[in-house]
Amino acid sequence: MKKKSVIVGGTIAIDNVKTPSAEASNLLGGSAAYASLATSFYHDSVNLVGIIGHDYPQEHLDMLSSHGVNLAGVERSDSASFTWSGEYMENMNDRETHAVALNVLEGWEVKVPSEISESQIVVLANMSPENQLQMLEGCESAERYVIADTMDLWIAIATEKLHEVLEKIDLLVINESEAREFAQTSNLVLAGERLLAKGPEHVIIKLGEFGAMLFAKGGEVFRCPAWPLREVADPTGAGDSFLGGMAGYLASLDSVAFSFDDLRQAMVRGTVAASYTCEAFSTQKLQSIERADLDARMEKLKAISTW
């Protein structure tokens, strides 16, 4: 099999974030931005697909490029960029959205450039199910592996299209509250099973500071712990970094027929990438580290979570 490449589609945003101890504005945000950066630590062929406005900070694009992320699939618009402003509560789990300006996302139709359309690892980061389906339509590799994320908004307002997405993917990644809502049960084991019945071969339910759970149609279950952080500076994008770290590791393997153990190993890489994301605003910590830092933390995580 020829060397694999990864294509990551989703939002690219400008974020303004406030926490109980600090605040920052004009930050790099968006599901695909975080995911593509995390992917780049584990694989050197990463293609970003998204849309930005005339006001998007060049420094953010330069940073992604410096990490090897190919921006050929990033569409430029004369409109303003997608912007999110929010505030985290004292526990750093709950947050309040103060403002969302969709701007360039209004009416956006995903276009996948032909030169990256045959990427074998397809990451549908959080965006509308309609956009996810458009991206899948533009990905032409006959031998591919598709990972998708989603959020409560799409579960509420676009459930029919979301079910279409689930029938076309291999792995669904979803957070705990969304899994309960989508599967209509408070029991996460039942939620995992019900989500598997909607189409994907595997489902991962993210549990925030408590790690993540992997479910397979064969009945296998794996629980991955999170890295214990003394302080969380900004959890924005942690789930997207988890997604990207997983995708990058899977792309480094020899095929796209991934085993349950391959996914277990990928989860650990994603978990470590997510932990660095939480240590500073936006991608500021993640973009400052090297692959060796991720590997060292992974070994420490293994030491504290096995017996």
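Our subject is the structure that appears above.
These lines cover the structure that appears in this document, whether it is placed above or below.

What counts and how
Residues numbered from 1 in each chain as written. Predicted model: local features only at pLDDT ≥ 70, side-chain atom pairs only at ≥ 80, totals over all residues. Heavy atoms only, no water. Helix = DSSP H or I, 4+ residues; strand = E, 2+ residues; numbered from the N terminus. Rg over C-alpha atoms; globule rule 2.2 N^0.38 Å. Buried < 20%, exposed > 50% of the residue type's maximum accessible area, 1.4 Å probe, protein only. Contact = heavy atoms within 4.5 Å. Areas by Shrake-Rupley, 256 points an atom, 1.4 Å probe, with all protein chains shown as cover. Lys, Arg positive; Asp, Glu negative; His and termini not counted. Charge placed at Lys NZ, Arg CZ, Asp CG, Glu CD. Axes fitted to C-alpha atoms, helices over the stretch in contact; angles between N-to-C directions. Parallel < 35°, antiparallel > 145°, perpendicular 65-115°, else oblique. Left-handed = near helix turned anticlockwise from the far one by under 90°. Nonpolar A, V, L, I, M, F, W, Y, C, P; charged D, E, K, R; others polar. Pairing = 2+ DSSP bridges. Salt bridge = Lys/Arg side-chain N within 4 Å of Asp/Glu carboxyl O.

## A few points about the overall build of the protein chain
Thought 1: Tallying secondary structure elements over the protein chain gives 10 helices and 13 strands in all.
Thought 2: The C-alpha atoms of the protein chain give a radius of gyration of 18 Å, which matches the 19 Å a tight globule of 307 residues would have.
Thought 3: With the C-alpha coordinates aligned to their principal axes, the bounding extent of the protein chain is approximately 50 × 45 × 40 Å.
Thought 4: Residues counted as buried form 56% of the 307 residues belonging to the protein chain.
Thought 5: A separation threshold of at least 6 residues defines the contact pool for the protein chain, and within that pool the share at least 24 residues apart is 65%.
Thought 6: Accessible surface, the protein chain as shown: approximately 13300 Å² in total, 46% of it carbon and sulfur.
Thought 7: Computed over 24 positive and 44 negative side-chain charges, the inter-centroid distance for the protein chain is 6 Å.

## Description of unusual backbone geometry
Thought 1: Although it is not a glycine, N26 adopts a positive phi angle of roughly 60 degrees.
Thought 2: Looking at N26, the relative accessible area reads 42%, which means it is partly exposed.
Thought 3: Unusually for a residue other than glycine, N103 sits at a positive phi of about 45 degrees.
Thought 4: Relative to the helices and strands, N103 is located in the loop between β7 (95-101) and β8 (121-124).
Thought 5: The exposure class assigned to N103 is partly exposed, which follows from its relative accessible area of 31%.

## Overview of the packing of helix α3 (residues 129-138) against helix α5 (residues 159-166)
Thought 1: The geometry of α3 relative to α5 is characterised by a closest axis approach of 8 Å and an angle of 30 degrees between their N-to-C directions. Taken together, the axis directions place α3 and α5 in an arrangement best described as roughly parallel. Handedness of the crossing formed by α3 with α5: left-handed. Of the residues in α5, those touching α3 at P129, E130, Q132 and L133 are K161, L162, E164 and V165.
Thought 2: Partitioned by chemical class, the residues of the contact of α3 with α5 number four nonpolar, one polar and three charged.

## As for the pairing of strand β3 (residues 23-29)
Thought 1: Where strand β2 (residues 13-18) lies against β3, five bridges are found, and the strand directions are antiparallel. In the strand pairing of β3, A13 is matched with G29.

## Some remarks on the pattern of salt bridges
Two side chains of opposite charge can pair, provided their charged atoms sit close to one another.
Thought 1: Scanning all chains against the criterion turns up 10 salt bridges.
Thought 2: Here R264 and D261 are joined by a salt bridge, their closest N and O atoms 3.6 Å apart. Linking R264 with D261, this pair stays in helix α9 (residues 260-277), spanning three residues, or about one helical turn.
Thought 3: You can call R264 partly exposed: its relative accessible area is 31%.
Thought 4: A salt bridge links K285 to E279; the nearest nitrogen and oxygen atoms lie 4.0 Å apart.
Thought 5: Assessed through its relative accessible area of 28%, K285 is described here as partly exposed.
Thought 6: Each member of the salt-bridge network shares a partner with another, and the members are E130, K161 and E164.

## Notes on the sheet that holds strand β5 (residues 69-76)
Thought 1: What the nine strands build is an open sheet, ordered β5-β4-β1-β8-β9-β10-β11-β12-β13; its pairing is mixed. With partners counted over all chains shown, the strands left at the sheet margins are β5 and β13 (221-224), one partner each. For this sheet, the mean inter-axis angle between neighbouring strands, taken without regard to orientation, is 15 degrees.
Thought 2: By the bridge criterion, five bridges tie strand β11 (residues 202-206) to strand β12 (residues 212-216) in an arrangement that is antiparallel. When the sheet's bridge partners are listed, I205 is paired in β12 with M213.
Thought 3: Helix α7 (residues 188-196) rests against β10 (171-175), β11 and β12 of the sheet, and its axis sits at about 140 degrees to β11.
Thought 4: Relative to the sheet, helix α8 (residues 238-251) contacts β1 (6-9), β8, β9 (145-149), β10, β11 and β12, its axis offset from that of β9 by approximately 175 degrees.

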